[in-house]
Amino acid sequence: VVERPDRKVGIDMKVTTERLDNCQVNVFIELEAKEIDGKLRQTARKISREFAMPGYRKGRAPYHAVIRIFGREAVQQETLENFGNDLYDAALEEVEYEPFDVGSLEEVEWEPFRMTVLLPIQPEVELGDYGAVRVSFEPEEVTDERIDEYLHNLQQEHGQWVPVEREAAIGDQVVLDMHGQAGEEEVLNNEGHEMLLVSDVTYPLPGFHEEIVGMSPGEEKTFTLTMPEDEEEEEVAGREAEVTVRLHTVREEDLPPLDDDLAMMVGDYDTLEDLKVGVRENLETDALQHAEAEYLEKVLDAMVEGADRIEYPPKAVDQETEVVMNQMERNLAASGMQLDTFLNMVGKTREMYKQELSSSAEDRLKKRLVLNKVAEEEGLTIEEEELEEEIDRLIEAMGEQAESMRALLETPGGKESVSQDLLVSRAQQRVVEIAKGEVPAEGEEAEVEAAETE
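Residues numbered from 1 in each chain as written. Predicted model: local features only at pLDDT ≥ 70, side-chain atom pairs only at ≥ 80, totals over all residues. Heavy atoms only, no water.

J.: When you look at the overall build of the protein chain in this model, what are you seeing that I'm missing?
T.: Scanning the protein chain from terminus to terminus reveals 14 helices and twelve strands. Taking 2.2 N^0.38 as the reference for a compact globule, 454 residues should give roughly 22 Å; the C-alpha atoms of the protein chain span a radius of gyration of 35 Å, well beyond that estimate. Here the C-alpha coordinates of the protein chain stretch approximately 100 × 75 × 45 Å along the principal axes. For the protein chain, the accessible area works out to roughly 27,400 Å², and carbon and sulfur atoms hold 45% of it. Side-chain charges in the protein chain split into 44 positive and 113 negative, and the spacing between the mean points of these groups amounts to 15 Å. (Helix = DSSP H or I, 4+ residues; strand = E, 2+ residues; numbered from the N terminus. Rg over C-alpha atoms; globule rule 2.2 N^0.38 Å. Areas by Shrake-Rupley, 256 points an atom, 1.4 Å probe, with all protein chains shown as cover. Lys, Arg positive; Asp, Glu negative; His and termini not counted. Charge placed at Lys NZ, Arg CZ, Asp CG, Glu CD.)

J.: It is not clear to me how the packing of helix α11 (residues 384-396) against helix α13 (residues 412-435) should be interpreted in this structure. Could you clarify?
T.: When two helices pack together, their arrangement is given by the angle between the helix axes and the distance between those axes. Two numbers describe how α11 lies on α13: the axes approach to 10 Å, and their chain directions differ by 105°. If you check the angle between α11 and α13, you find them roughly perpendicular. Residues Glu384, Glu386, Leu387, Glu388, Glu390, Ile391 and Leu394 of α11 form the contact with α13, whose participating residues are Lys415, Val418, Ser419, Leu422 and Arg426. When its residues are assigned to classes, the contact of α11 with α13 shows five nonpolar, one polar and six charged. (Axes fitted to C-alpha atoms, helices over the stretch in contact; angles between N-to-C directions. Parallel < 35°, antiparallel > 145°, perpendicular 65-115°, else oblique. Contact = heavy atoms within 4.5 Å. Nonpolar A, V, L, I, M, F, W, Y, C, P; charged D, E, K, R; others polar.)

J.: Explanation requested: a negative patch on the surface in the structure shown.
T.: On the surface, Glu184, Glu185, Glu229, Asp230, Glu232, Glu233, Glu234 and Glu235 cluster together into a negatively charged patch. Mapped onto the fold, Glu234 is located in the loop between β10 (220-226) and β11 (240-254). For Glu234, a relative accessible area of 69% translates into the label exposed. (Patch = residues over 30% accessible without salt bridge, like charges linked within 9 Å, V, L, I, M, F, W, Y side chains within 5 Å. Salt bridge = Lys/Arg side-chain N within 4 Å of Asp/Glu carboxyl O. Buried < 20%, exposed > 50% of the residue type's maximum accessible area, 1.4 Å probe, protein only.)

J.: Just to check I follow, could you spell out unusual backbone geometry for this structure?
T.: What you tend to see is this: most non-glycine residues have negative phi, and most peptide bonds are trans. Residue Pro112 is reached from Glu111 by a cis peptide bond, and omega for that bond is -5°. Tracing the backbone through its elements, the reader meets Pro112 in the loop between β4 (104-110) and β5 (113-120). Here Tyr203 and Pro204 are connected by a cis peptide whose omega angle stands at 0°. Non-glycine residue Asn22 carries a positive phi angle of around 60°. Examined against the element boundaries, Asn22 turns out to sit in the loop between β2 (13-20) and β3 (24-31).

J.: Please explain the side chain of Gln155 as it appears in this structure.
T.: For Gln155, the position within the fold is in helix α4 (residues 144-157). A relative accessible area of 12% places Gln155 in the buried class. Sequence-distant contacts of Gln155, that is, excluding residues within four places in its chain, are made with Leu255, Pro256, Pro257, Leu258 and Leu262.

Structure, rendered in structure tokens:
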């Protein structure tokens, strides 16, 4: 507990603190009886000027009359609203901790006056021997099978569905009418429905696709299927359904040959061999990028695990969860869907979804705190020239919205955000170098930085 009398607000105020777990501090603010009595009386005079009271002119009602008419608790609450923030601000100047966010009022006692504020303070990280962390880097090999699969997908992209006069088989595309009854309840009613026949699927009913196999165009068939036990309509769940199907069309997939013509069709390639070389290069690039992203996560997991201490206030997790929620909302909006619509589809509320995100948000927070600490320990900084170049790059990428982006990024807050992103990126690069054993020796760092800049 630290006691620090206030010297700056002109009143006899005593501020003490109590350090709690999870980067939180109880701040106790105490006032002498004469001080709080004076503030109660100031509040009473303000009330008497704002409200007419029987027997008194406005602004002339004495203290005891205001207390009698409005009640002591109401006057105390009004006093807290009038002076509480001033007391809180003055107390922050006296405590030795750096706030992470606004504190929350926990308790107020009036005789004697004592105000307790729960203050979240900045996270604290002790990395331990992070320089000894080593993680093996093994990008996935691009096999001939993966190349063949990619080429087959290209064939499918440029293929066509051709009507055939034969029995339907798995893998065919069919057009059909379907009607189904479970007792008196209609469970299927769709005409001209187009579908791909696939084994072991449960739509529209388990076993439906297998019943279509062997039917010919123009044929009609009636069969019985069992409704799923977990069917939303409870009255038909688990019951037998009589289904009638009329098959109109059977189509089979006509794929273009895997040859030079296909290579020229899909890109700037002269031969099939050129296409295969290009596909391998693209897959290897994708595999490397994927491996690097996974590797960074593994390295950060190892550094989080090896840290001596990572402590943060609960509000930090709340804020990180909000960041994840906002990113999710933006991603959905980009695809034309609102977050609330998505949540309704999956049967969840915003609060339920936040609870689900909390664990992953906390994991993100720990890794970000480790990266910030690595940047501090390694003395990583962002020069003004680098910052300006990055801002120019971001503005240029916005096209028609460049000017609005400029107005946002050239504010102090915008510059700080871009600078922080650059610093985190540099810290990510450094932890990867550490985990691969590639950290430059002393004296080589300037040469490495010059090469990176070039």
